[in-house]
Amino acid sequence: MNTKSLKKYFNEMYAGNGSVREIYEPYTRWLKDLPDGTLKRRNAEAELLFRRLGITFAVYGETDDVERLIPFDIVPRIFGASEWQRLELGLKQRVRALNAFLHDIYHDQEIIKAGIISAHQVLDNGQYRPEMQGVDLPNQVYAHIAGIDLVRVAENDFYVLEDNLRTPSGVSYMLENRKTMMRLFPELFVKHTIEPVEHYPQMLLNTLREAAPPNVAYPVIVVMTPGAYNSAYFEHAYLASQMGVELVEGQDLFVHQQKVYMHTTEGPQQVHVIYRRVDDDFIDPRVFRPDSTLGVPGLMDAYCSGNVALANGVGTGVADDKSTYLFVPEMIRFYLGETPLLSNVPTWRLSEPEDLSYVLAHLPELVVKEVQGSGGYGMLVGPASTLAEIEAYKQRILAEPAKFIAQPTLALSSCPTLVESGVAPRHVDLRPFVLSGKEVRIVPGGLTRVALTEGSLVVNSSQGGGTKDTWVLED
Amino acid sequence: MLSRTAENLYWMARHIERAENTARVLDVAHRTSLLPLDIEGTQAYLWYAPLNITGCAGSYEVKYGLARADAVTHYMALDPDNPASIYSCLRLARENARTVRGAITSEMWQVINDTWLEVNRLPKEMDHEKFRDFFDWVKDRSHLFRGVTLGTIIKDIGLSFIKLGTFLERADNTARILDVKYHILLPSVSDVGGAADYYQWGSLLKSVSAFEAYQKIYRDVISPQRVSELLIFRDDMPRSLHACMDEVEAALIDINGVSGQEARRLAGEQHAALHFGRIEDAFGRGLHEYLTDFLKNTALLGREIREAYLSRRHNMLSR
């Protein structure tokens, strides 16, 4: 793979020849006429708004300032209508295939029989849940809410970085970013025709209704959170209130005769759909981790009996694992008979001796990740690491090569961002949220994450990344 | 409504109300300390009152020994180690609110969150003047919170649980202020209607915003019996026991539910005793005994409410 050609970064605002890309023209004209210091002033206003609303995010491992703000950047990231349409088709296609894959491996395992993916890859994966074998789910949907991370390297080149099918977060920032932008810059929303995103909670509610056990006319839906100290608690509470449903913790629920109830002031009330933001491992101490206090004893029994729906379903992790990721294009061909519209990043599997020796020889130019890691924890960004860091990571790889994959250091596109010295390019990615019920739905755009440190390619909020409002312009 | 949500709303309201009441008690202690102490009062005697009212004299003594103006004020206003301090109350109110953000309006959350952020920006050392400003500020925030709540929240049982918390806490506090003050002030009643009485009982009335109401209703010198009547039996006095129990009973009727039968009965009984009671009888029995009984019954009612609505130990089979 030629990594040299990736070194030139695509700038979202400027085309290769330095002129402003058409979709950014009205914005740049507006920006040029803005009096000095206005952006910084409004930026301070935005920060105050976020702090007052309590839109915070806890970063694990930090003790002093537990409720930290995710930095919000006030320069929007803009997509044109046709650009977005292509992405949308690709995203829907990918999520349909991933759900088909999950249904298949928990039923007849045709894809294994066809020799496309090995039994070992699926059945020996720590995220494969044998409890789910043969369990039928409404609409055959497992990942009702998927966050697909995309990066752009050129005008027409997008790559899927990873699929998040367990409890993807960030959508509340997408919604609050828009609200904040509309409050700070109403004039921009007059100048542009921007696709709205505010109806996401309604779309989510519809998706959850469709996930309910088939014979329930008026399903009772709840959002289940690990609690107020979870890093994404703000989002859990936000979505529950936006949908008008209860926000529950494990301690609020109990199971009686394979049905799930919540403790209310009027006595027990049956629950039919749980949008749970608690990982598989913690949802039922009788089946998974026995030390979990976040879950509900007997929940899996109720779930497998079809009396309650969980969103996302149990066992989706086997499909968003970084080693399964490699097979998604094949899944699309196998289940849908279609050509993949979105590309995977070329990936080396370190369980393969040939890949391993190549990667070990090229560590300074590669990104190495743990197969089951998430949130940017425990990864190596070769070009940004010291020799000592690389050497230490090498030892970790050698101890257990199969736990790692490697990818070329992608030239993530950059987008103008307000920093100390003014407006300067910073690298971005995009996480659109794909909802699957009876149909697949998606709000235009998603959450743009930005690496605020100059030259950094790590956009994760846990690693000091920020977010931007993402605009999809109407034609 | 989720039992845990109801519980958080109830405690959110109780803690805001408690912060306000503590600010009131401290404010009066500060005002009183400016008066010449002609009764057998000493500074220590004066500063035990706020500690006794809030029931934290014991833990204070462990930490500071004798009651002193600066130490008591700091301990009850800003000490994070004192679970009953204004600081701790505001923290707990916010924690409860944070857990039920979906059940309160964003305006309510903003008031509680702003209050918490601001109290953390206060200077570590404050003098007498600063503290008076601080007490006013705490009262203002509590007023603001109540106003925002009534002005923005949907009138369902969530509001009923907020009212329940507010008025149980307030009833409890008024009874304690009266009890403790009565104890301290009693030695001076030899001279009913005298200057000491005017200031001492007057400051008690001010601590529960009842000074103006007293003048309006009685148009006469301040007497302990009338002050007690005003704060116990008058239902038109917003911080009186009667007015608080009016609200508690109404909230419990709104909340309803089979499990709340005993709570409603207790509240009804207590309310009836205030509705039909007479100050002469209370004094006949002894005011201290009367108030002790009231506090005991209020605690019992609080326990019953927790049992009926807020606990999470349902037994499916008994339903």
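As the structure is a computational prediction, the values presented were derived from the model and not from experiment.

S.K.: Account for the overall build of chain B, with residues named and values stated.
M.R.: When you go through chain B residue by residue, the secondary structure sums to 15 helices and zero strands. Whereas a compact globule of 319 residues would reach a radius of gyration of roughly 20 Å, chain B reaches 20 Å, a difference of no more than 12%. Each of the three principal axes of chain B carries a C-alpha extent, and together these read 65 × 50 × 35 Å. A burial count over chain B gives 48% of its 319 residues as buried.

S.K.: Give a detailed account of the overall build of chain A, specifying residues and quantitative values.
M.R.: Along the backbone of chain A there are 15 helices and 21 strands. Its C-alpha radius of gyration of 22 Å places chain A within 12% of the 23 Å reference for a compact globule of 475 residues. Considering only C-alpha atoms, chain A reaches an extent of 65 × 55 × 50 Å along its principal axes.

S.K.: Got a sec to walk through the confidence of the model for chain B? Specific residues and values, please.
M.R.: In low-pLDDT regions, the fine details of the predicted coordinates are not to be read closely. All names here are of chain B. When the pLDDT values of chain B are averaged, the result is 87; 91% of them are 70 or greater. Mean pLDDT across the elements of chain B ranges from a minimum in helix H9 (residues 195-207), with 78, to a maximum in helix H12 (residues 241-255), with 96. The ipTM, which scores confidence in the relative placement of chains, is 0.73 for this predicted complex, and the corresponding pTM is 0.80.

S.K.: Hey, could you go over the domain arrangement of chain B for me, with residue numbers and the actual values?
M.R.: Residue and element names in this part refer to chain B. Assigned domains within chain B: domain 1 (1-153) and domain 2 (154-319). Measuring from the centre of the C-alpha atoms in domain 1 to the corresponding centre in domain 2 gives 19 Å. Taken together, the contact between domain 1 and domain 2 spans 29 residues of the former and 29 residues of the latter. Contributions of two or more residues to the side of domain 1 that touches domain 2 are made by helix H1 (3-33) and helix H2 (43-53). Ranked by residues supplied to the side of domain 1 that touches domain 2, first place goes to H1 with 18 residues.

S.K.: Lay out the confidence of the model for chain A in plain terms, naming residues and giving numbers.
M.R.: Residue and element names in this part refer to chain A. Mean pLDDT over chain A works out to 90, with 94% of the residues at or above the 70 mark. Per-residue pLDDT stays below 50 along residues 1-7; that stretch engages in 10 contacts with residues further than four places along the chain or on separate chains. Confidence drops under pLDDT 50 across residues 59-65; counting only partners more than four residues distant or on other chains, this segment forms five contacts.

S.K.: Go over the domain arrangement of chain A with me, naming the residues and quoting the values.
M.R.: For chain A, the assigned domains are domain 1 (4-213 + 308-345 + 410-472) and domain 2 (348-408). Listed as interface residues are 14 residues of domain 1 of chain A and, on the opposing side, 12 residues of domain 2 of chain A.

S.K.: Please provide a residue-by-residue account of the nonpolar core, values included.
M.R.: Judged by nonpolar contacts, the single largest core of 202 residues is most densely connected at Leu98, Val222, Val260 and Val273 of chain A together with Leu9, Ile86 and Val248 of chain B. With 13 residues, H1 of chain B is the single largest residue contributor to this core. Residues Leu363, Val368, Ile405 and Ala406 of chain A belong to the second largest nonpolar core, which totals 13 residues.

S.K.: I'd like a rundown of the sheet that holds strand E7 (residues 259-264) of chain A, residues and numbers included.
M.R.: Residues and elements named next belong to chain A. Read from one edge of the open sheet, three strands run E6-E7-E8, paired in antiparallel fashion. Lying at the two open borders of the sheet, with one neighbouring strand each, are strand E6 (253-256) and strand E8 (267-270). On average, each strand axis in the sheet is tilted by 40° relative to the strand beside it, whichever way the strands run. By the bridge criterion, four bridges tie E6 to E7 in an arrangement that is antiparallel.

S.K.: An account of the environment of Asn21 of chain B is needed here, citing residue identities and associated values.
M.R.: All names here are of chain B. Here Asn21 is to be found in helix H1. Asn21 sits in the buried class, given 27 other C-beta atoms within 10 Å. When the C-alpha atoms of Asn21 and Ser142 are compared, they prove to be 9.6 Å apart, with 121 residues separating the residues in sequence.

S.K.: Could you give me a rundown of the sheet that holds strand E9 (residues 273-276) of chain A, with the residues and numbers involved?
M.R.: All names here are of chain A. Strand order in the open sheet made by the four strands is E5-E4-E9-E10, with parallel pairing throughout. The open sheet has two edge strands with one neighbour each: strand E5 (246-248) and strand E10 (309-311). This sheet shows a mean twist of 30° between the axes of neighbouring strands, independent of strand direction. Here three bridges tie strand E4 (residues 221-224) to E5, and the two strands are oriented parallel to one another. Each bridged residue has a counterpart across the sheet, and for Val223 the counterpart in E5 is Leu247. Helix H9 (residues 233-243) contacts E4 and E5 of the sheet and is inclined by roughly 150° relative to E5.

S.K.: With reference to specific residues and values, describe the environment of Glu47 of chain A.
M.R.: Residues and elements named next belong to chain A. Relative to the helices and strands, Glu47 resides in helix H2 (residues 38-53). Residue classification places Glu47 among the partly exposed positions, given that 15 C-beta atoms sit within 10 Å. In the structure, Glu47 is positioned 373 residues away from Glu420 in sequence and 15 Å away in space, judged by C-alpha atoms.

S.K.: Explain the packing of H1 of chain B against helix H4 (residues 69-77) of chain B to me, using residue names and the numbers behind them.
M.R.: A packed helix pair is summarised by two numbers, namely the angle formed by the two axes and the spacing between the axes. Residue and element names in this part refer to chain B. Their axes nearest at 10 Å, the elements H1 and H4 cross at an angle of 165°. Relative to H4, H1 is oriented roughly antiparallel. Seen along the crossing, H1 lies across H4 with a hand that is left-handed. Within the contact between the two elements, H1 uses Thr22, Leu26 and Ser33 and H4 uses Ala69, Thr73, Met76 and Ala77. Residues belonging to the contact of H1 with H4 are distributed by class as follows: four nonpolar, three polar and no charged.

S.K.: Can you break down the interface of chain A and chain B residue by residue, with the values?
M.R.: Residue-level contacts link 21 residues of chain A with 23 residues of chain B. Here the side of chain A that touches chain B is built from residues that sort into eight nonpolar, eight polar and five charged.

S.K.: Lay out the packing of helix H8 (residues 200-210) of chain A against H9 of chain A in plain terms, naming residues and giving numbers.
M.R.: Residues and elements named next belong to chain A. Viewed as axis vectors pointing N to C, H8 and H9 meet at an angle of 80°, and their least axial separation amounts to 9 Å. As far as their axial angle goes, H9 and H8 are roughly perpendicular. Residue-level contacts link Pro201, Leu204 and Leu205 of H8 to Leu239, Gln242 and Met243 of H9.

S.K.: Quick rundown of the pairing of strand E15 (residues 404-408) of chain A? Include the residues and the values.
M.R.: Residue and element names in this part refer to chain A. When you tally the buried positions in E15, you get four out of five residues, the bulk of the element. Of the pairings in the sheet, the one linking strand E12 (residues 348-349) to E15 comprises two bridges and is antiparallel in character. Pairing of Arg349 across the sheet is with Ile405, part of E15. Pairing analysis gives five bridges linking strand E13 (residues 366-370) to E15, with the strands arranged antiparallel. If you follow Glu370 over to E15, its bridge partner there is Phe404.

S.K.: Please set out the pairing of strand E21 (residues 466-472) of chain A residue by residue, giving values where relevant.
M.R.: Residues and elements named next belong to chain A. Of all seven residues making up E21, seven are buried, and the element is well covered by its neighbours. With three bridges connecting them, strand E20 (residues 447-450) and E21 associate as antiparallel partners. The residue of E21 that forms the bridge with Arg449 is Thr467.

S.K.: So, the environment of Arg265 of chain B: which residues are in play, and what are the values?
M.R.: Residues and elements named next belong to chain B. When you line up the elements, Arg265 lands in helix H13 (residues 261-276). Look at Arg265 and you get partly exposed, because 13 C-beta atoms sit within 10 Å. When the C-alpha atoms of Arg265 and Cys56 are compared, they prove to be 31 Å apart, with 209 residues separating the residues in sequence.

S.K.: So what's going on with unusual backbone geometry? Residues and values would help.
M.R.: Residue and element names in this part refer to chain A. The residue after Ala311, namely Asn312, is reached through a cis peptide bond having omega -5°. As for its placement among the helices and strands, Asn312 is situated in the loop between E10 and helix H12 (317-320). If you check the backbone angles, Gln257 has positive phi at about 45° while not being a glycine. Here Gln257 is to be found in the loop between E6 and E7. A count of 11 C-beta atoms within 10 Å places Gln257 in the exposed class.

Rules of the game
- Residues numbered from 1 in each chain as written.
- Chains lettered and ligands numbered in written order.
- Predicted model: local features only at pLDDT ≥ 70, side-chain atom pairs only at ≥ 80, totals over all residues.
- Helix = DSSP H or I, 4+ residues; strand = E, 2+ residues; numbered from the N terminus.
- Rg over C-alpha atoms; globule rule 2.2 N^0.38 Å.
- Buried ≥ 20, exposed ≤ 12 C-beta atoms within 10 Å, placed from the backbone.
- pLDDT = per-residue confidence, 0-100.
- Domains from an automatic or database assignment.
- Contact = placed C-beta atoms within 7 Å.
- Core = buried A, V, L, I, M, F, W, Y, C linked by C-beta atoms within 7 Å.
- Pairing = 2+ DSSP bridges.
- Axes fitted to C-alpha atoms, helices over the stretch in contact; angles between N-to-C directions.
- Parallel < 35°, antiparallel > 145°, perpendicular 65-115°, else oblique.
- Left-handed = near helix turned anticlockwise from the far one by under 90°.
- Nonpolar A, V, L, I, M, F, W, Y, C, P; charged D, E, K, R; others polar.

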